[in-house]
Amino acid sequence: QYIGSPLPRRGSPTITTVRQASTQVASAPVAEPAVHIPGPEPLTASMLAAAPLMDQKQLLGERLYPLIHALHPNLAGKITGMLLEIDNSELLHMLESPESLNSKITLVEISATLRSGPYLICFQI
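Keep in mind that this is a model prediction, so the values were computed, not measured. (Residues numbered from 1 in each chain as written. Predicted model: local features only at pLDDT ≥ 70, side-chain atom pairs only at ≥ 80, totals over all residues. Heavy atoms only, no water.)

**Q** Even after reading the chapter, I still don't get the overall build of the chain, so can you show me in this structure?
**A** From N to C terminus, the chain includes 6 helices and 0 strands. Taken from the N to the C terminus, the helices and strands of the chain come in the order α-α-α-α-α-α. Classification of the 125 residues of the chain by burial places 21% in the buried group. Here the chain displays about 10300 Å² of accessible surface, and carbon together with sulfur accounts for 62% of that area. (Helix = DSSP H or I, 4+ residues; strand = E, 2+ residues; numbered from the N terminus. Buried < 20%, exposed > 50% of the residue type's maximum accessible area, 1.4 Å probe, protein only. Areas by Shrake-Rupley, 256 points an atom, 1.4 Å probe, with all protein chains shown as cover.)

Shown next, in the form of structure tokens:
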């Protein structure tokens, strides 16, 4: 087996048993992968353009909903859905400009109110 070299003796530091090897592997520090939790990072025009067409409204909706929910918790889903019918470039502008978002929300509220029930509009002649 070992030609020209002496056989290692039992208990010698050069011999590692299977049990010793398995404990050494088990006790080795294991690097756990970092967990990345996506945060509300700003959505840019280039990020939106890079996303597939089907995902663009989803990305916009995920950013708009919390902003709308802070103002109108009971209607946030409905208002967000109505706003998502608007062009993506205008939605991006609303994310960057709270004033623009608030004015659109007001218009959507008026529109939703008018759609929700029959109204009789009287004109005086």
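**Q** For this particular structure, what's the right way to read the side chain of Ser100?
**A** Looking at the secondary structure, you find Ser100 in helix H6 (residues 98-116). Of the residues examined, Ser100 reaches a relative accessible area of 17% and is grouped as buried.

**Q** Looking at this model, I keep getting lost on the pattern of salt bridges. Mind explaining?
**A** Per the stated rule, a full pass over the model turns up 1 salt bridge. A salt bridge links Lys104 to Glu90, with the shortest nitrogen-to-oxygen separation between them at 3.0 Å. On the criterion of sequence distance, the pair formed by Lys104 in helix H6 and Glu90 in helix H5 (residues 88-96) is long-range, its members being 14 residues apart. With a relative accessible area of 23%, Lys104 lands in the partly exposed category. (Salt bridge = Lys/Arg side-chain N within 4 Å of Asp/Glu carboxyl O.)

**Q** Sorry, what's going on with the side chain of Gln56 here?
**A** Mapped onto the fold, Gln56 is located in helix H3 (residues 53-71). Assessed through its relative accessible area of 11%, Gln56 is described here as buried. Only 3.0 Å separates the side chain of Gln56 from the side chain of Asn88, close enough to count as a polar contact. Apart from the residues lying within four places of it in its own chain, the contact partners of Gln56 are Leu48, Ala49, Ala51 and Asn88. (Polar contact = N/O pair within 3.5 Å; in protein donor to acceptor, adjacent residues only side chain to side chain. Contact = heavy atoms within 4.5 Å.)

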